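An overview of the molecular structure
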Amino acid sequence: MTLPDGVEVRVLVVDNDDEPSGRPYIEDMLDNADFSLDYAHVPGRNIAIARNGALDVASADWIAFLDDDEVVLKDWLVNIWKRQKETGVDGVFGVVKSVFPPDAPKWMGDLDMHAPGPQRSGNEVKTGGAGNVLLRWQGTAWAKERFDLARGRTGGEDTEFFYRIGDLGARFEIAPNAIALEPVPKPRQSFRWLARRRFRVGQIYVVSAPNGAARVGLAARAAVKSLVSFLMAVPFFWHATKWRYWYLRGVFHAGVVAGCLNIGEAETYG
């Protein structure tokens, strides 16, 4: 991977297996690594525990997160760093692109909903995923914030985290050319899995509503959008991609309603 000029990089591998199974592999790399490489064993089948373990030992002015199933392009760090310098923001979200196997259904690649990107509202980027992000850290108003453990097995802990630090003053942007590739495994190559994912993403979206009144308004709008989306799916029943698009859109808004009603999120990880 190409490094930005004048930047020193420390790589921290966080292993949240019950046992420190990854330690021997990292130790084998130490003699050949031309960068600072550290290992932390943070057991607990909860992604928020792992990410918080990284934050607990982060000592740099800037931190960058990647997920364990991603491969970045060679210029990833250069591009995400350049975008920060251009905009002066506190956090930059890169783009995660799903990689589908040749035998995956065509509609799945056409929809490309496995890796939702950062969310922009008007001219502002409100939140995004922790799978590809650069974040200002030391000396900030949010350096003591941590990912919500209650969401670490349902998903959405990163969406909520970035909304929360945004309320503390963090400003975000997007680097469309800072790309991480994420293979889509076989268990996730189904319409049922994708529908469950969209429903859960809708549930998570409730964190965008700051109070009870905002939740009521959000639920009402989402209920209407859900109904309209399901109705829009009907005339496209013959089109493999279009009916699924509208149906999944309806599922997402149904999830928003569920989130506003505090209906619990299913544990899908760990």
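Further up the page is the structure itself.
So, a few notes on the structure that sits alongside this text. From a predicted model like this one, the values you see are computed outputs, not experimental measurements. (Residues numbered from 1 in each chain as written. Predicted model: local features only at pLDDT ≥ 70, side-chain atom pairs only at ≥ 80, totals over all residues. Heavy atoms only, no water.)

Quick notes on the overall build of the protein chain
Put simply, the rule is: Only runs of H or I of at least four residues qualify as helices and only runs of E of at least two qualify as strands under DSSP, and these elements are numbered from the N terminus. The globule rule used here is 2.2 Å times the number of residues to the 0.38 power, and the radius of gyration it is set against is calculated over C-alpha atoms. The contact criterion used is simple: two residues touch if any of their non-hydrogen atoms lie within 4.5 Å. Accessibility throughout is a Shrake-Rupley quantity obtained with a 1.4 Å probe, and a residue counts as covered only by protein chains that appear here. Counted as positive: Lys and Arg. Counted as negative: Asp and Glu. His and the chain ends are not counted at all. In plain terms, the charge of a residue is placed at NZ if it is Lys, CZ if Arg, CG if Asp and CD if Glu.
Check the secondary structure of the protein chain and you find 8 helices and 9 strands. For 270 residues, the compact-globule estimate of 2.2 N^0.38 gives 18 Å, and the protein chain sits close to it at 20 Å. Seen through its C-alpha atoms, the protein chain measures out along the principal axes to roughly 60 × 45 × 40 Å. The long-range fraction of contacts in the protein chain, counting pairs at least 24 apart against all pairs at least 6 apart in sequence, stands at 78%. If you sum the accessible surface of the protein chain, you get close to 14600 Å²; carbon and sulfur atoms cover 55% of it. Side-chain charges in the protein chain split into 32 positive and 34 negative, and the spacing between the mean points of these groups amounts to 10 Å.

Focus on the nonpolar core
Heads up, the condition is: Joining through side-chain atoms within 4.5 Å is the link that ties buried Ala, Val, Leu, Ile, Met, Phe, Trp, Tyr and Cys residues into a set, and such a set is a nonpolar core. A 1.4 Å probe rolled over the protein chains alone gives each residue an accessible area, and that area as a share of the maximum for its type sets the label: buried under 20%, exposed over 50%, partly exposed in between.
In terms of nonpolar packing, the biggest core is built from 20 residues, with Leu135, Trp137, Phe161, Phe162, Ile165 and Phe172 touching the most fellow members. Every element with two or more residues in this core is listed here: helix 2 (47-57), strand 3 (62-66), strand 8 (132-136), helix 5 (157-167) and strand 9 (172-183). When near neighbours in sequence (up to four residues on either side) are disregarded, leucine 135 contacts Asp61, Trp62, Ile63, Asp90, Gly91, Trp142, Phe161, Phe162, Ile165 and Phe172.

Let's talk about the packing of aromatic side chains
Put simply, the rule is: Each Phe, Tyr or Trp ring, with Trp reduced to its six-membered ring, pairs with another whose centre is within 6.5 Å; inter-plane angles below 30 degrees give stacked pairs, above 60 give edge-to-face pairs, and intermediate values give tilted ones.
Across all of its chains, the model carries 14 aromatic pairs by this definition. Ring plane angle 90 degrees and centroid distance 5.0 Å describe the contact between phenylalanine 93 and phenylalanine 162, whose orientation is recorded as edge-to-face. A residue pair is termed long-range when its members are at least 10 positions apart, and phenylalanine 93 in strand 5 (residues 91-99) and phenylalanine 162 in helix 5 qualify at 69 residues. Of the two residues, phenylalanine 93 and phenylalanine 162, neither departs from the other in class, the shared state being buried.

Here's the deal with unusual backbone geometry
Of note, aspartate 112 is a non-glycine position whose phi angle comes to about 50 degrees, a positive value. The topology assignment puts aspartate 112 in the loop between helix 4 (106-111) and strand 6 (119-121). With a phi angle near 60 degrees, asparagine 262 is a residue other than glycine that sits in the positive phi range. Relative to the elements of secondary structure, asparagine 262 occurs in the segment after helix 8 (242-260). Residue asparagine 262 is classed as exposed on the basis of its relative accessible area of 59%.

What to know about the packing of helix 6 (residues 191-204) against helix 8
Heads up, the condition is: Angles run from 0 to 180 degrees between N-to-C directions of axes, and those axes are lines fitted to C-alpha atoms, restricted for helices to the stretch in contact. Orientation is classified from the angle alone, with under 35 degrees giving roughly parallel, over 145 giving roughly antiparallel, 65 to 115 giving roughly perpendicular, and any other angle giving oblique. A clockwise turn of the near helix away from the far one marks a right-handed crossing, whereas an anticlockwise turn of less than a right angle marks a left-handed crossing. Any residue that is not Ala, Val, Leu, Ile, Met, Phe, Trp, Tyr, Cys, Pro, Asp, Glu, Lys or Arg is counted as polar, Gly included; the first ten are nonpolar and the last four charged.
Running from N to C, helix 6 and helix 8 cross one another at 40 degrees; their axes reach a closest spacing of 6 Å. One element, helix 6, and the other, helix 8, form an angle in the oblique class. The handedness of the crossing between helix 6 and helix 8 is right-handed. Where helix 6 approaches helix 8, its residues Phe191, Leu194, Ala195, Arg198, Phe199, Val201, Gly202 and Gln203 are matched on the opposing element by Trp243, Arg244, Tyr247, Leu248, Val251, Phe252, Ala254, Gly255, Val256, Ala258 and Gly259. Its residues assigned to classes, the contact of helix 6 with helix 8 shows 13 nonpolar, 4 polar and 2 charged.

Considering the environment of serine 226
Within the secondary structure, serine 226 sits in helix 7 (residues 212-233). For serine 226, a relative accessible area of 7% puts it in the buried group. When the C-alpha atoms of serine 226 and valine 256 are compared, they prove to be 9.2 Å apart, with 30 residues separating the residues in sequence. Beyond its immediate sequence surroundings of up to four residues, serine 226 is in contact with Gly250, His253 and Ala254.

Describing the pattern of salt bridges
Operational definition: Each reported salt bridge corresponds to a side-chain nitrogen of Lys or Arg within 4 Å of a carboxyl oxygen of Asp or Glu.
Throughout the structure, instances matching the rule amount to 15 salt bridges. Note that arginine 10 is salt-bridged to aspartate 38, the shortest N-O span being 2.7 Å. Residue arginine 10 is located in strand 1 (residues 10-15), and its partner aspartate 38 is located in strand 2 (residues 36-41); the two are separated by 28 residues in the primary sequence. For arginine 10, a relative accessible area of 38% translates into the label partly exposed. Looking at aspartate 38, the relative accessible area reads 28%, which means it is partly exposed. The residue arginine 45 makes a salt bridge to aspartate 18 at a minimum N-O spacing of 2.7 Å. One end of the pair, arginine 45, is in the loop between strand 2 and helix 2; the other, aspartate 18, is in the loop between strand 1 and helix 1 (23-29), with 27 residues separating them in the sequence. Here the salt bridges share partners, and the residues they tie into one network are Arg83, Glu86, Arg120 and Glu173.

Points about the environment of valine 234
Its location among the elements puts valine 234 in the loop between helix 7 and helix 8. Classification of valine 234 by relative accessible area gives exposed; the value is 54%. When the C-alpha atoms of valine 234 and tryptophan 246 are compared, they prove to be 8.8 Å apart, with 12 residues separating the residues in sequence.

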